[in-house]
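Here are the chains, one letter per residue:
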Amino acid sequence: MPCSYMHAQGPTMTCEGLAPSTATPCSCGQTPFSPAELRKQTVSSFKQRRCRCATGSRSLTLQRATRGHKNAYCVSAQGGDPFAAAGSRLQSLLSGVGDGEEEVLEAFLSEQAPEFKIGLSLLTAGVITSGALALCWLTGSDPWGGASLSMHSLTAATLGGAACVPLLMLRASMWSREARTRFPVLEEVQRWQAEVHIPVLNNMTPVQMAVLVCCEVLPTTVMTLPAAQGGLTTSFQLYARHMRDWGVGVPSMGPALAALAITALLAASARLLEHAVSQQEYEIVASAMENADRYYKVMTNSVAGRDSDSAAQAFKAVASQWLQQRQQACLVLAVLTAGEVSFLGLLWRVTDDMAAPLAAAMMLTAVEYAFIKKVIDVGTKKPDC
């Protein structure tokens, strides 16, 4: 099995389908994808190309799933390594999930000029902000959350920036190689974060990235704090008033804390569902694991020197590890999301000014964008195989 990593395209690299005399194969011996095939496979730009064994972002996930088994995914399947063959088969099964529209959309977005992406981000931000303002109007909440052009808001923003410094240090440490080595689940978490943002951040300058940060943070903060938490707090205060009339003691901060907890729970649940293994993926992998013994008995029957039991056990181990990594990554993403929403909500309640959580959210998002941009600039390194 050839190497599944992406290789930088040189000036003489051409795509399959051209004359044999002009086609330059990949360093692993495979012929690269044609532009039409890349449009269906890649989530980055066409300045990078994949070998035929790479089928989207799952190839990197499967490479990590087999890392615990002698780093077998980097070993040629022709050499008889069962874990390499298992990783290749699992990758082939997962490549057929979905209709490919998401990959095509990401490839299209990655090719667009930065100005087009900024315009699209501004349009999306406007729609979200309009929805948040409508919710604030319905619930009677202040859409700006107490923020204004005043010294009070400036002080609150400074306090918010200072308060998020420990979180910034934690987030930066999570992107370190040492953290990923110690906690392998962070690789899957960061792969997902990069996969979501790379099509947008590709070819962006620092100034353009700053505009994107504002387009992402401002609408979501208004929607999360004044609209969601503010509206829920107003509703809970009404219930708390009736409960006090009935003689039930309710703390003054009870409605606000309940709204904060519900908002954090909803945000974590949304992130969990967004990254969870889909029903189709689970059914495919579970069915393949259930039929692994029979499949490898048939496939290795005519191949001398192949052990069907070892191949089946290797496939079950790789598939199980892949499912476990995805589940762990989902939990980590959900916890991080809930923690961030809770932190921003508490900042808002303590300062009574949305400038504090807004400044903190912008700093946190800017750090995340900086590390993802670094991934884009450095590119994918060749494996040690």
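What you see is a predicted model; the values in this text were computed from it and never measured. (Residues numbered from 1 in each chain as written. Predicted model: local features only at pLDDT ≥ 70, side-chain atom pairs only at ≥ 80, totals over all residues. Heavy atoms only, no water.)

Quick notes on unusual backbone geometry
In the Ramachandran plot, Asn203 falls in the positive-phi region, its phi being about 70° despite a non-glycine side chain. Assignment of secondary structure puts Asn203 in the loop between α9 (185-201) and α10 (206-245). Here the phi dihedral of Asp352 falls at roughly 55°; this positive angle occurs in a residue that is not glycine. Residue placement: Asp352 occurs in the loop between α14 (308-351) and α15 (355-378). (Helix = DSSP H or I, 4+ residues; strand = E, 2+ residues; numbered from the N terminus.)

With respect to the packing of aromatic side chains
This model, assessed by the stated rule, comprises two aromatic pairs. Each ring, one from Phe108 and one from Phe116, has its centre 6.3 Å from the other, and the planes form 85°; the classification is edge-to-face. Both rings, one in Trp175 and one in Phe371, keep their centres 5.6 Å apart while their planes meet at 10°; by these two values the pair is stacked. Of this pair, Trp175 sits in the loop between α7 (165-174) and α8 (177-182) while Phe371 sits in helix α15, and the two are 196 residues apart along the sequence. Among the residues examined, Phe371 registers a relative accessible area of 23% and is labelled partly exposed. Positioned above the aromatic ring of Phe315, the side-chain terminus of Arg89 is 4.7 Å from the ring centre. (Phe/Tyr/Trp six-rings, centres within 6.5 Å; stacked < 30°, edge-to-face > 60°. Buried < 20%, exposed > 50% of the residue type's maximum accessible area, 1.4 Å probe, protein only. Lys NZ or Arg CZ within 6 Å of the ring centre and 35° of its normal.)

Considerations on helix α12 (residues 279-290)
Compared with an ideal rise of 1.5 Å per residue, which puts twelve residues at 16 Å, α12 spans 16 Å between its outermost C-alpha atoms and is within 8% of the ideal. Buried residues of α12: Glu281, Val285 and Ala288, and no others. End-on, the buried residues of α12 take up no more than an arc of 65°, which puts them together on one face. Of the exposed residues in α12, those oriented more than 90 degrees away from the buried face are Gln279 and Glu290. (Expected span 1.5 Å × (residues − 1). Arc of directions from axis to C-beta.)

A word on the nonpolar core
Membership of the largest hydrophobic core comes to 23 residues, with the highest contact counts inside it found for Leu201, Leu212, Phe343, Ala360 and Tyr369. Secondary-structure elements contributing two or more residues to this core are α9, α10, α14 and α15. The greatest single-element share of this core, amounting to eight residues, is contributed by α15. Each residue touching Tyr369, except ones within four places of it in the same chain, is listed here: His197, Leu201, Met209, Leu212, Val213 and Glu216. Ala86, Val97, Tyr296 and Ala319 belong to the second largest nonpolar core, which has 17 residues in total. (Core = buried A, V, L, I, M, F, W, Y, C linked by side-chain atoms within 4.5 Å. Contact = heavy atoms within 4.5 Å.)

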